[in-house]
Amino acid sequence: RLYIEGLRAQEREIWLGGLSQLHSYVADMGRLHIRYKTATWLCGLIPSPFMRAPMPKPQQHEIDTLYRLLKNVGLPVIDIKETRLAA
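Below is a short write-up of the structure. Computed from a prediction, not measured in an experiment: that's the story for all the values here.

Calculation criteria
Residues numbered from 1 in each chain as written. Predicted model: local features only at pLDDT ≥ 70, side-chain atom pairs only at ≥ 80, totals over all residues. Heavy atoms only, no water. Core = buried A, V, L, I, M, F, W, Y, C linked by side-chain atoms within 4.5 Å. Buried < 20%, exposed > 50% of the residue type's maximum accessible area, 1.4 Å probe, protein only. Helix = DSSP H or I, 4+ residues; strand = E, 2+ residues; numbered from the N terminus. Contact = heavy atoms within 4.5 Å. Salt bridge = Lys/Arg side-chain N within 4 Å of Asp/Glu carboxyl O. Phe/Tyr/Trp six-rings, centres within 6.5 Å; stacked < 30°, edge-to-face > 60°. Lys NZ or Arg CZ within 6 Å of the ring centre and 35° of its normal. Axes fitted to C-alpha atoms, helices over the stretch in contact; angles between N-to-C directions. Parallel < 35°, antiparallel > 145°, perpendicular 65-115°, else oblique. Left-handed = near helix turned anticlockwise from the far one by under 90°. Expected span 1.5 Å × (residues − 1). Bend = angle between axes of the 7 residues up to and from the residue.

### Thoughts on the nonpolar core
Of all hydrophobic cores here, the largest spans 12 residues; its members are Leu22, Tyr25, Val26, Ala39, Trp41, Leu42, Ile63, Leu66, Tyr67, Leu69, Leu70 and Ile78. When contributions to this core are tallied by element, the ones reaching two or more residues are α2 (9–26), α3 (32–42) and α4 (60–73). Among the elements that make up this core, the one with the highest residue count is α4 (5 residues). If sequence neighbours within four positions are ignored, tyrosine 67 has contacts with Leu42, Val77, Ile78, Asp79, Ile80 and Thr83.

Printed below as a string of structure tokens:
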């Protein structure tokens, strides 16, 4: 709460407008690396969301959730059709 109160109006709008939800979703310690790599791929910054073995592949519900959260924040994302190839 103290953190939010210290933000300027525009920063607070961005944080409360979806960035905090995206942060919370990615920050799940059990899936952190998979989710941040998947988000990076969804933004078109890397060619593949896959980690090296023995790390698991992203699950389709993670891809769908990250896609929605990234779009809600206003970040550019790859075409939705490309996301079906990953899980």
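### Focus: the pattern of salt bridges
The tally for this structure, following the rule as stated, stands at 5 salt bridges. A salt bridge links arginine 8 to glutamate 11; its shortest N-O distance comes to 2.8 Å. For glutamate 11, a relative accessible area of 31% puts it in the partly exposed group. Between arginine 35 and aspartate 28 there is a salt bridge, with the nearest N and O atoms lying 3.8 Å from each other. You can call aspartate 28 partly exposed: its relative accessible area is 35%. Where salt bridges share partners, they join Asp28, Arg31, Arg35 and Glu62 into one cluster.

### Digging into unusual backbone geometry
Here the bond from alanine 53 into proline 54 is cis, since omega is 15°, no more than 30 degrees from zero. Tracing the chain through its elements places proline 54 in the loop between α3 and α4.

### Overview of the packing of aromatic side chains
Within the structure shown, the criterion is met by 0 aromatic pairs. Positioned above the aromatic ring of phenylalanine 50, the side-chain terminus of lysine 57 is 5.3 Å from the ring centre.

### Points about the packing of α3 against α4
It is at 10 Å that the axes of α3 and α4 come closest, and there the two elements cross at 55°. It follows from the interaxial angle that α3 and α4 lie oblique. Along this stretch, α3 crosses α4, giving a crossing that reads as right-handed. Of α4, the residues touching α3 (which contributes Ile34, Arg35, Thr38, Ala39, Trp41 and Leu42) are Glu62, Ile63, Leu66, Tyr67 and Leu70.

### Quick word on α2
Because an α-helix packs 3.6 residues into every turn, residues spaced three or four apart end up facing the same way. Between the first and last C-alpha of α2 there are 24 Å, a value that for 18 residues agrees with the 26 Å anticipated at 1.5 Å per step. The sharpest bend along α2 reaches about 55° and sits at leucine 19. All of the buried residues along α2 are Gly18, Ser20, Leu22, Tyr25 and Val26. Buried residues along α2 sit in contact with α3 and α4.

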